[in-house]
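For reference, the chains in residue letters:
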Amino acid sequence: MSRVPEKPTIDGVEARFVKQWEQDGIYRFDRTAKRENIFSIDTPPPTVSGSLHMGHVFSYTHTDTLARFWRMRGKSVFYPMGWDDNGLPTERRVQNFYGVSCDPSLKYVAGFEPPFRGDPPKDAKPVPVSRPNFIELCDELTAQDEKVFEDLFRRLGLSVDWSLLYTTISEHARRTAQSAFLRNLERGEAYTQEAPTLWDVDFGTAVAQAELEDRERPGAFHKLKFREADDESKSIIVESTRPELIAACVGLVAHPDDARYQHLFGKNALTPIFGVEVPVHPHPLAQPDKGSGIAMVCTFGDLTDVIWWRELNLATRPTIGRDGRFVAQAPEIMSAQAQAKYARLAGKSAKQAQTLTVEMLRETGELTEEPRAITHPVKFYEKGDRPLEIVTSRQWYIRNGGRDEKLREKLLSRGDELTWHPDFMQHRYANWVGGLNGDWLVSRQRYFGVPIPLWYRLDKNGEIIYEHPLVPVVGQLPVDPSTDMPQGFTADQRGAPNGFAGDPDIMDTWATSSLTPQLAGHWVDDSDLFERIFPMDVRPQGHDIIRTWLFSTMVRSNFEHDVAPWKNASLSGWILDPDRKKMSKSKGNVVTPSDLFDQYGSDAVRYWAACARPGVDTAFSEDQMKVGRKLATKLLNLTKFVLGAGSNETTTSTGAQPKDLVDQAMLVRLAEVVDEATTALEQFDYARALERTEAFFWWFCDDYVELVKTRAYGETQDSSSARVSLHRALGIVQRLLAPMLPFATEEVWSWWQSGSIHRANWPTIAETLAGFNASHDAVDDLDAICLVLGAVRRTKTEAKVSQRAEVAKLVITADAKTVTMLQANLLDLRNAGSLQEIEFVVSDSNSEPTNLSAQVTLAAPLN
RNA sequence: GGGCGUUUAGCUCAGUUGGCUAGAGCAUCUCCCUUACAAGGAGAGGGUCGGGGGUUCAAGUCCCUCAACGCCCA
């Protein structure tokens, strides 16, 4: 075969085929296909804020194998890519890259040049820029990053249709996100409310429940002496980790059954330092075994405070502002003397205030013991560096069942509409939905994102009227309320009494990401396309974002389409480093994917990923990549052999069929593999499909090919049987491996077939077994032959002679049936083992279970 | 504290409704230049299947219990 290279290699195939696939458009989605012939994928849009890592390579490979499988099954595969370039990670990266910070009060500067483009010195002071300038820089940097991402994904061999690309900050994405939000508003699913809100003081933004994480932090219990209001000689010892919040204390709570505090319920206590009167209440959430069993309620120290405050109708006396510092104005209730004490705290950070408070407590003698050091979980924003505070602010929410039992039930049952892969992942969904305790907070006090598309009327004093917000008119979307105007108003009315004000906030990044099916499918402007791909066939994603991405997408789809957004959810595991720790940049154990592509080839890296069972955390393993590389190389060499063995004409032109038992048995075995691999892939189990195919492949190379090699070189009828079987098996194995090893299989396919293997038909049992009838018994017969071959090989190895060494005499002991079979199929065995004399002994089949044994006598060495 | 998952060879993992002597790859060791492949091939050694208890003719597999590790939630 002239097309077979002299020395096959997988090095360098990536660049060639990436280019060719794009030229030929083989992954192009056919949007004329009917819904039942479409397989649609809700691809996760990676965050564009740095670089792709092994986790991306891992999970995107899993999805790609499925896409390739379904494409070969004849589906039109809707496989888009999206870039999540909206949100805080991008903002942070832009700040660090250009040395700027966003100041919305500034005016846009045309032709602005940032002070740096990459690596500003550490001591450089950020240059404040306007919001439009800042967004320009975001756009500039994300465009660069996206190019790098695309190149890497192409090199990984993702069969994405790049013409379907979407981003989450584009004009289209903003229009989609704003349309969906306005429809939520219209139906009453979105609402605004002034309420206690988790607040990151460094980022200056509200944070949603889904974005929280607990971190263990050192703290200390302080024993504080409160006094009974009726009798100041009696003290109440309250233990608190946040004594600085005494000024914000609005009550005390103890468990209703706690005998120690029964006499206090309904009475008042006086706070230390400030002497403010606060009520004592029973509440079941108070923990009798924690500290002294009675807790102070502050507005607000933690989430439990919010519950107590709400359920017990307590006063509101916030002391910490949005900048994380104590507000200048002391709570009104305080006496002049107390206000003077409070003045020492004003303007201080929480930490400084705690130190000062402890000092004051010592002065007044109201710290009864030295603070007792503990470590305890503290709530952080997952991207933040300081503990969250809780401040009262006006925010927008979308209902998610956190406050509505019926909606919660509805969303739980939506989970049943999906098939989960693996199935136990549904528990995580149910667990999260069941544990929600508030609606979804979607507004963020940030800059780079989709603006909340609303304005508010101002009253005659210029105060905002939040009821009946002004919404954009049809065709106006997307809007930026800070520059665009509501219909019927003029620019000079902005901020003026009886005029209007734009909502200054943007939406949570998940408010856009929760619409990826609508974004990719062009819900707002191409209903024909959207109806063909929605609900989508599969949502692939990491199990860590079930509570965020998966759930929020479910919420939007439930409201907008009254259906689950997909039929399947496929959850990938984590990548762990070889020590079974989660890989992370801070540990310095991150490997760059492109280096691995260079070193082992893309297919080898894909092989490693495809070996991991769905949903299972997997160790990063270069060893596994070496195995993948060996597999790919072996496939090239096998193909070279099969295509080069014997005369090709007799194979293709005579219409020969598999007629030898050995050939038929091999194909029967292969048909079983085709069946298993197909079933596994239909159930999203690419790893099983690979494992079965690979096991067959190595057996095929080591045993079958070795057995028939000599016959295949010949020119007899038996040779035709061998060659036609080799060719058939080769074509099937290449296609079975195509989803996992797209480059190597495309290479070998190109040596003897026309068109791309990735557009070839997925192999079937029927084609594997065409032209003959054979039962599974044939496989047992072939196993027996292989067993004898194995015995011959073992003897040669133990004798430390070449496998080519001649065997003078082989005595095979077996039951009568096996002996008959072997006698009829001796040719291959004789060739493969270099056997001279063969003798058969029929064993007594009544005595023991069938025992096949072979006694090997080697010929004397010739020299 | 609740939920979920994991625990099988030195390492990474298969082992499907209980059923042959528990498998594969890597690593280790031995041998072999053999015309597809030495970036290869042929073999070998290595496991009381996390501990304990139970069901069964039969348990890695089912039940109970304990432990360790991981993730999610409180």
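Residues numbered from 1 in each chain as written. Chains lettered and ligands numbered in written order. Predicted model: local features only at pLDDT ≥ 70, side-chain atom pairs only at ≥ 80, totals over all residues. Heavy atoms only, no water.

S.K.: Describe the overall build of chain A, naming the residues involved and giving the relevant values.
M.R.: The helix and strand inventory of chain A stands at 26 helices and 30 strands. Counting only C-alpha atoms, chain A reaches 115 × 65 × 55 Å along its principal axes. Residue burial in chain A is summarised as follows: out of 863 residues, 54% are buried. Nonlocal contacts in chain A, meaning residues at least 24 apart in sequence, comprise 77% of its contacts between residues at least 6 apart. Carbon and sulfur atoms provide 50% of the accessible area of chain A, an area that totals close to 37100 Å². (Helix = DSSP H or I, 4+ residues; strand = E, 2+ residues; numbered from the N terminus. Buried < 20%, exposed > 50% of the residue type's maximum accessible area, 1.4 Å probe, protein only. Contact = heavy atoms within 4.5 Å. Areas by Shrake-Rupley, 256 points an atom, 1.4 Å probe, with all protein chains shown as cover.)

S.K.: For the protein's contact with RNA strand B, give the residues involved together with the corresponding values.
M.R.: By nearness alone, 40 residues border RNA strand B, and Arg547, Lys630, Arg692, Tyr713 and Arg804 come closest of all. A share of 76% is what sugar and phosphate atoms reach among the atoms of RNA strand B within 4 Å of the protein. Taking Arg428, its side chain carries an N or O atom lying 3.5 Å from a sugar or linking oxygen of RNA strand B. Between RNA strand B and Leu638, the relevant distance is 3.3 Å, taken from a base nitrogen to a main-chain nitrogen or oxygen of the residue. Of all elements in the fold, only helix 10 (425–434), helix 17 (622–644), helix 20 (686–713) and helix 24 (777–798) reach the threshold of two or more residues within the surface near RNA strand B. For the surface near RNA strand B, the element with the highest residue contribution is helix 20, accounting for ten residues. Here the residues of the surface near RNA strand B sort into ten nonpolar, eight polar and 22 charged. (Near = heavy atom within 4 Å. Polar contact = N/O pair within 3.5 Å; in protein donor to acceptor, adjacent residues only side chain to side chain. Nonpolar A, V, L, I, M, F, W, Y, C, P; charged D, E, K, R; others polar.)

S.K.: Can you tell me about the packing of aromatic side chains, naming the residues and giving the values?
M.R.: Between two aromatic rings, the relevant description is the distance of the centres plus the angle of the planes. Applying the stated criterion to the full structure yields 30 aromatic pairs. When the centroid spacing of 6.2 Å and the interplanar angle of 5° are considered together, the rings of Trp83 and Phe153 count as stacked. Within this pair, whereas Trp83 is found in strand 3 (residues 82–83), its partner Phe153 is found in helix 4 (residues 131–156), the two being separated by 70 residues in sequence. Taken as a pair, Trp83 and Phe153 share a single burial class, namely buried. (Phe/Tyr/Trp six-rings, centres within 6.5 Å; stacked < 30°, edge-to-face > 60°.)

S.K.: How would you summarise helix 19 (residues 661–682) if you had to cite specific residues and measurements?
M.R.: Over its 22 residues, helix 19 runs 31 Å from end to end, which matches the ideal 32 Å to within 8%, given 1.5 Å per residue. With 17 of its 22 residues buried, helix 19 lies for the most part within the structure. In the segment just after helix 19, Phe684 is the residue with positive phi, at about 70°. (Expected span 1.5 Å × (residues − 1).)

S.K.: Residue-level account of the pairing of strand 21 (residues 464–470), with values.
M.R.: Relative to strand 21, strand 20 (residues 455–458) runs antiparallel, the two being bridged by three bridges. Looking at the pairing, Leu458 lines up with Ile464 of strand 21. Between the antiparallel neighbours strand 20 and strand 21 lie five residues, among them Gly462 with a positive phi of about 85°. (Pairing = 2+ DSSP bridges.)

S.K.: I'd like a rundown of the sheet that holds strand 25 (residues 566–572), residues and numbers included.
M.R.: Strands sit in the order 17-25-24 across an open sheet of three strands; the sheet is parallel. One side of each edge strand has no neighbouring strand; the edge strands of this open sheet are strand 17 (419–421) and strand 24 (536–542). On average, each strand axis in the sheet is inclined to that of its neighbour by 20°, with strand direction left out of account. Bridge count between strand 17 and strand 25: three bridges; the pairing is parallel. Bridge pairing in strand 25 places Trp420 opposite Ala569. (Axes fitted to C-alpha atoms, helices over the stretch in contact; angles between N-to-C directions.)

S.K.: Please provide a residue-by-residue account of the confidence of the model for chain A, values included.
M.R.: Counting all residues, the mean pLDDT for chain A is 88, and 96% of those residues have values of 70 or more. Below pLDDT 50 for its whole length, residues 584–589 participates in eight contacts with residues either more than four positions away or in separate chains. For this predicted complex, the interface confidence reaches an ipTM of 0.92, while the overall pTM sits at 0.87. (pLDDT = per-residue confidence, 0-100.)

S.K.: Residue-level account of the sheet that holds strand 30 (residues 853–858), with values.
M.R.: Strand order in this open sheet of three strands is 29-28-30, and the pairing throughout is mixed. The sheet is open, and its two borders are formed by strand 29 (835–842) and strand 30, each paired with just one other strand. Across the sheet, the mean angle separating the axes of adjacent strands is 15° when strand polarity is ignored. Alignment of strand 28 (residues 807–814) against strand 30, held across six bridges, turns out to be antiparallel. Bridge pairing links Leu810 to Val856 in strand 30. The strands touched by helix 25 (residues 816–824) within the sheet are strand 28 and strand 29, with strand 29 carrying the most contacts at an inclination of about 155°. Together, strand 28 and strand 29 form the strand contacts of helix 26 (residues 826–833), whose direction differs from that of strand 29 by roughly 130°.

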